[in-house]
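# Topology and contacts: notes
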Amino acid sequence: MELLNIEFLSFTIGFFSLVIAFFGGLLTFVAWRNGRWMKETIGRQNETLARQNEILAKMDEGAERQSQILKEIQAGEKDIQASAERIVETQRYIAELVRIEGEKTRSLISH
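Structure report, in brief. Small disclaimer: the values here were computed from a predicted structure and weren't measured. (Residues numbered from 1 in each chain as written. Predicted model: local features only at pLDDT ≥ 70, side-chain atom pairs only at ≥ 80, totals over all residues. Heavy atoms only, no water.)

### Considerations on the overall build of the chain
- Helix and strand counts for the chain stand at one helix and zero strands.
- Its C-alpha atoms give the chain a radius of gyration of 47 Å, clearly above 13 Å, the size a compact globule of 111 residues would have.
- For the chain, the spread of C-alpha atoms along the three principal axes comes to 160 × 15 × 10 Å.
- Evaluated residue by residue, the chain yields a buried proportion of 1% over its 111 residues.
- Of the roughly 10500 Å² that the chain leaves accessible, carbon and sulfur atoms contribute 65%.
- In the chain, 14 side chains carry a positive charge and 16 a negative one; their mean positions are 5 Å apart. (Helix = DSSP H or I, 4+ residues; strand = E, 2+ residues; numbered from the N terminus. Rg over C-alpha atoms; globule rule 2.2 N^0.38 Å. Buried < 20%, exposed > 50% of the residue type's maximum accessible area, 1.4 Å probe, protein only. Areas by Shrake-Rupley, 256 points an atom, 1.4 Å probe, with all protein chains shown as cover. Lys, Arg positive; Asp, Glu negative; His and termini not counted. Charge placed at Lys NZ, Arg CZ, Asp CG, Glu CD.)

### Considering a nonpolar patch on the surface
- Residues Phe22, Phe23, Leu26, Phe29, Val30 and Trp32 make up a contiguous nonpolar surface patch of about 640 Å² in total accessible area.
- Looking at the secondary structure, you find tryptophan 32 in helix 1 (residues 2–110). (Patch = residues over 30% accessible without salt bridge, like charges linked within 9 Å, V, L, I, M, F, W, Y side chains within 5 Å. Salt bridge = Lys/Arg side-chain N within 4 Å of Asp/Glu carboxyl O.)

### Considerations on the pattern of salt bridges
- Applying the stated criterion across every chain yields a total of five salt bridges.
- With a closest N to O distance of 3.7 Å, arginine 44 and glutamate 40 form a salt bridge. Residue arginine 44 and its partner glutamate 40 are located together in helix 1, separated by four residues, close to a single helical turn.
- By relative accessible area, which is 47% here, arginine 44 ends up partly exposed.
- In this structure, arginine 99 engages glutamate 96 in a salt bridge whose closest nitrogen and oxygen atoms are separated by 2.3 Å.

### Concerning the environment of leucine 97
- Considering the arrangement of structural elements, one finds leucine 97 in helix 1.
- For leucine 97, a relative accessible area of 38% translates into the label partly exposed.
- Sequence separation between leucine 97 and asparagine 53 is 44 residues, and the spatial gap between their C-alpha atoms is 65 Å.

### A closer look at the packing of aromatic side chains
- Tallying each qualifying case throughout the model produces four aromatic pairs.
- Relative to phenylalanine 15, the ring of phenylalanine 11 has its centre 6.5 Å away and its plane inclined at 20 degrees; by these criteria the two rings are stacked. Here phenylalanine 15 and phenylalanine 11 lie together in helix 1, a separation of four residues that amounts to about one turn.
- For the ring pair phenylalanine 15 and phenylalanine 16, a centre distance of 5.5 Å and an interplane angle of 70 degrees mean the geometry is edge-to-face. (Phe/Tyr/Trp six-rings, centres within 6.5 Å; stacked < 30°, edge-to-face > 60°.)

Here it is as structure tokens:
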């Protein structure tokens, strides 16, 4: 009977050793697939981050261009304002000349 218990115990230990080996192999396979999946995911994330960095760089470039254009527009507006002021001064000068010439003409006519 003791021999039967030893054989049963030996069989049980062998059986559970195989079960443990099977689950160890299964766990190894799942861990390997998970690692491969993580590597692919990290690669895709890196690609996405690289594209986002490119987009951000282009956005910065566009913002810089807009800023430059706004500066040029503001400089143009200042030029336009200065030109308008010169036009107004010229109009006043011409009006004054017309007034003076009108007075000269009146004085010549009245003498």
